[in-house]
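# Chains, contacts and geometry: an overview
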Amino acid sequence: MPSDALLQVEALTAHYGPIQALNGISLEVKPGELVAMVGANGAGKTTLLHTLSNVHKSSGGKVIFDGQEITRTAPHKIVQAGICHIPEGRQVFAPLSVEDNLLLGGFTQRKNKAWVEEELAKIYTLFPILKEKRRQAAGTLSGGQQQMLAMGRALLGRPKLLLLDEPSMGLAPLLVAEIFRVVRELNEKGVTILLVEQNAKAALGIADRGYVLETGRVVLSADADELLADEAVQKAYLGH
Amino acid sequence: MFDQILQFLLTGITVGSTYALVGLGFAIIYNASDVVNFSQGEFVMIGGMSAVALSAGDTGLPLWAAAIGAVLITMLVGMALQRFAIAPARGASVVTTIIITIGASIFLRGVALLVWGKDLFALPHFSGEEPIQIGNATILPQSLWVMGGAAALVMGAQYFFNHTTLGKAILACSCNKTAAHLVGINVGIMLLVAYGMSAALGAMAGILVAPITFSSYDTGVMLGLKGFSAAILGGMGNPMGAVAGGLLLGLIESLSAGLISSGYKDAIGFIILLLVLFFRPSGLFGKASVDRV
């Protein structure tokens, strides 16, 4: 199948021991798109992202990124190839300083010091609070600040594709709106994003297209507006 | 009395410097992988013994070359330990990895016994054996080598972890392995680097003290225990705490040997360790972990 997709996933499966968490997922993300993957807790959203980054091994299927198959590529090489993953629960390096966290995000770009410095300055403009707290241990930041830090850290990896896992988790509604505004802004600046969210309304609200995931299967895929208007989706995920 | 105390202090700092280096080795591996490596003492033994072996006889290498060779050999042993004993047990519990490293230390000691026998070996002193007079106390030039070498290595390690990207990447592996993968750090390589560094520190400690304390296949046992005590005394996972713990332990031993009885020096050292753990379970300089979700 010829494709202009940046990320193409074909019949991907993954297991935890005998339990199958992904039942043959196929999806694609085109360059410049913001794609949302929504679904309930336990639908396999986080597993999908972990399998794409290969920190969880897939048991079948294929992942093709930028024309290269990366299904069994080592995690650090996937980052080098341009997929940066903002994990669920932020996963900042708690004892290290905010600035060290960001610089470690640029680990794959460390030979390119000028670029890292320029990008770091951009991230400090995007999230001024991080600049203010740059010498503090990352573990002392609030949840929202840690989310910003995790996003900044991933941006320093120079992503062609950003995988964003549940950024709204545990945040106050006001902060969720702020985070989603930044996600939208990043996408408008040209970063391709695959966003995985339980908060279907917020995610589909900013996305171009969406997929609905249920028990490890894609059950629906359409433009984000269509999904928002879809009766089944409204019933299941939007509480109408 | 004062002169005597000065003498005990000098001896204590010399011995303490070795403990500090072994303790630092413990802290580095613990920081990178949450493994308490009980073969740390064997690194010291292998360093000392291979330096002796490489420099011995008429065809032996000059001392500096033997030292470099011994450090390289020990680093290889350290990395092999990680690759073939620790890495296959990925995800094992702390107790399991401790048992693995104890097993590895028994194995390494056995190999050393087969290769070198039970004899005591000594390296020549680096710069003469003429004691230097300080007040009424004396100090061997080699002791100055031990103190200076330890200070340089500690500062080097400090710089590495606080000011280099590679050092911070190793710390990142320990605080969050998944996140380390996700920012593109090759976690496997970082662990090899940490074990290699830790082995190198142990080997250098072994080479520095070999002229004073001699070396035999089983010198690693007690040094490993003392280094471990230093590391937990200072607070496990705090490299500079381990160094302070090592110096403190050396001083306590030397003072109690001099002022009380040399038969009790190890016991007094361990009793103080137990007291510290009783009143401050995270060690003298350990801090409660900071985490907020």
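How each quantity is defined
- Residues numbered from 1 in each chain as written.
- Chains lettered and ligands numbered in written order.
- Predicted model: local features only at pLDDT ≥ 70, side-chain atom pairs only at ≥ 80, totals over all residues.
- Heavy atoms only, no water.
- Helix = DSSP H or I, 4+ residues; strand = E, 2+ residues; numbered from the N terminus.
- Rg over C-alpha atoms; globule rule 2.2 N^0.38 Å.
- Contact = heavy atoms within 4.5 Å.
- Lys, Arg positive; Asp, Glu negative; His and termini not counted.
- Charge placed at Lys NZ, Arg CZ, Asp CG, Glu CD.
- Domains from an automatic or database assignment.
- Buried area = accessible area lost by both parts, 1.4 Å probe.
- Salt bridge = Lys/Arg side-chain N within 4 Å of Asp/Glu carboxyl O.
- Nonpolar A, V, L, I, M, F, W, Y, C, P; charged D, E, K, R; others polar.
- 1 Å grid on protein atoms, 1.4 Å probe; cavity = no way out; pocket = protein on both sides within 12 Å on 5 of 7 lines; lining within 4 Å.
- Points joined across faces, edges and corners; volume = space filled by probe spheres on them.
- Pairing = 2+ DSSP bridges.
- Axes fitted to C-alpha atoms, helices over the stretch in contact; angles between N-to-C directions.
- UniProt positions renumbered as here; feature names shortened; annotations may be inferred.
- Buried < 20%, exposed > 50% of the residue type's maximum accessible area, 1.4 Å probe, protein only.
- Phe/Tyr/Trp six-rings, centres within 6.5 Å; stacked < 30°, edge-to-face > 60°.
- Lys NZ or Arg CZ within 6 Å of the ring centre and 35° of its normal.

### Focus on the overall build of chain A
Along its length, chain A carries 10 helices and 10 strands. Relative to the globule expectation of 18 Å for 240 residues, the C-alpha radius of gyration of chain A, 17 Å, shows essentially globular dimensions. Along the longest, intermediate and shortest principal axes, the C-alpha atoms of chain A span 45 × 40 × 35 Å. Counting contacts in chain A only where the partners sit at least 6 residues apart, residues at least 24 apart contribute 66% of the total. Once the 25 positive and 26 negative side-chain charges of chain A are each reduced to a mean point, those two points are 8 Å apart.

### A closer look at the domain arrangement of chain A
By a widespread convention, an interface's size corresponds to the accessible area lost as its parts come together. Residues and elements named next belong to chain A. Considered domain by domain, chain A is made up of domain 1 (1–82 + 159–240) and domain 2 (89–158). Buried surface at the junction of domain 1 and domain 2, summed over both partners, amounts to about 1300 Å²; 75% is from carbon and sulfur atoms. Of all residues in domain 1, the largest losses of buried area upon contact with domain 2 belong to Pro159, Ile179 and Val182, amounting jointly to 32% of the total for that side. Linking domain 1 to domain 2 there are zero salt bridges. Counting only elements with at least two residues in the side of domain 1 that touches domain 2, the list comes to α2 (75–81), β7 (161–165) and α7 (173–188). The element best represented in the side of domain 1 that touches domain 2 is α7, accounting for six residues. Counted by class, the side of domain 1 that touches domain 2 contains 12 nonpolar, three polar and four charged residues.

### A closer look at empty space enclosed by the protein
Evaluated as defined, the whole model comprises one cavity of 30 Å³ or more. Reported here for the largest cavity is a volume of approximately 50 Å³. Lining the largest cavity, in full, are A:Val79, A:Cys84, A:His85, A:Gly105, A:Ala150, A:Arg153, A:Ala154, A:Gly157, B:Leu182 and B:Val183. Breaking the lining of the largest cavity down by element, the ones donating at least two residues are β6 (83–86) and α6 (143–155) of chain A.

### Points about the sheet that holds strand β5 (residues 68–69) of chain A
All names here are of chain A. Strand order across the open sheet formed by four strands is β2-β1-β4-β5, with antiparallel pairing between neighbours. In this open sheet, the two edge strands, each paired with only one partner strand, are β2 (19–29) and β5. Summarising the sheet, strand β4 (residues 60–65) and β5 pair through two bridges and their orientation is antiparallel. When the sheet's bridge partners are listed, isoleucine 64 is paired in β5 with glutamate 69. In the packing of helix α1 (residues 45–52) onto the sheet, the strands contacted are β1 (7–16), β2 and β4, and the crossing angle to β1 comes to about 110 degrees.

### With respect to the UniProt feature "transmembrane region" (unreviewed entry) in chain B
Residues and elements named next belong to chain B. Mapped onto this numbering, the UniProt entry gives "transmembrane region" (unreviewed entry) at residues 6–29, 63–81, 93–116, 144–161, 182–210, 230–252 and 264–283. Between the end C-alpha atoms of residues 63–81 the distance is 27 Å, and the span holds 100% helix and 0% strand. As annotated, residues 144–161 comprises 100% helix and 0% strand, and the C-alpha atoms at either end are separated by 26 Å.

### Looking at the pairing of strand β3 (residues 34–39) of chain A
All names here are of chain A. For β3, the tally of buried residues reaches six of six residues, placing the bulk of the element in the interior. Burial of the side chains of β3 extends over both faces: Leu34, Ala36 and Val38 are buried on one face and Val35, Met37 and Gly39 on the other. As judged from the five bridges shared by β3 and strand β8 (residues 192–197), these two strands associate in the parallel manner. The residue of β8 that forms the bridge with valine 35 is leucine 194.

### Quick look at the layout of surface pockets
Taken as a whole, the second largest pocket spans an internal volume of roughly 750 Å³. Together, 28 residues line the second largest pocket, and B:Ala87, B:Arg90, B:Lys177, B:Val187 and B:Leu191 are the ones closest to its centre. Listed by contribution, the elements that provide at least two residues to the lining of the second largest pocket are α2 of chain A together with α3 (63–86), α4 (94–116), α7 (177–182) and α8 (187–213) of chain B. The residue makeup of the lining of the second largest pocket, split by class, is 12 nonpolar, 11 polar and five charged.

### Examining the sheet that holds strand β10 (residues 217–223) of chain A
All names here are of chain A. The mixed open sheet is built from six strands, whose spatial order is β6-β7-β8-β3-β9-β10. Looking along the sheet, the strands with just one partner apiece sit at the ends: β6 and β10. Neighbour-to-neighbour, the strand axes of the sheet open up by a mean angle of 15 degrees, direction not taken into account. Summarising the sheet, β3 and strand β9 (residues 209–214) pair through five bridges and their orientation is parallel. Counterpart to methionine 37 in the pairing with β9 is tyrosine 211. Packing against the sheet, α7 makes contact with β3, β7 and β8, and its axis sits at approximately 155 degrees to β8.

### Examining the packing of aromatic side chains
Scanning the model with the defined rule gives six aromatic pairs over all chains in all. Residues B:Phe26 and B:Phe38 carry aromatic rings whose centres are separated by 6.0 Å and whose planes lie at 75 degrees to one another, so their mutual orientation is edge-to-face. Within this pair, whereas B:Phe26 is found in helix α1 (residues 2–33), its partner B:Phe38 is found in the loop between α1 and α2 (40–55), the two being separated by 12 residues in sequence. By relative accessible area, B:Phe26 is classed as buried at 0%. The interplanar angle of 80 degrees and the centroid separation of 5.1 Å between the aromatic rings of B:Phe160 and B:Phe161 together place this pair among those described as edge-to-face. When sorted by exposure, B:Phe160 lands in the same class as B:Phe161, which is buried. One aromatic cluster is present, built from ring pairs that chain together B:Phe26, B:Phe38 and B:Phe228. The lysine or arginine in question, A:Arg110, covers the ring of A:Phe107, its NZ or CZ lying 4.0 Å from the ring centre.

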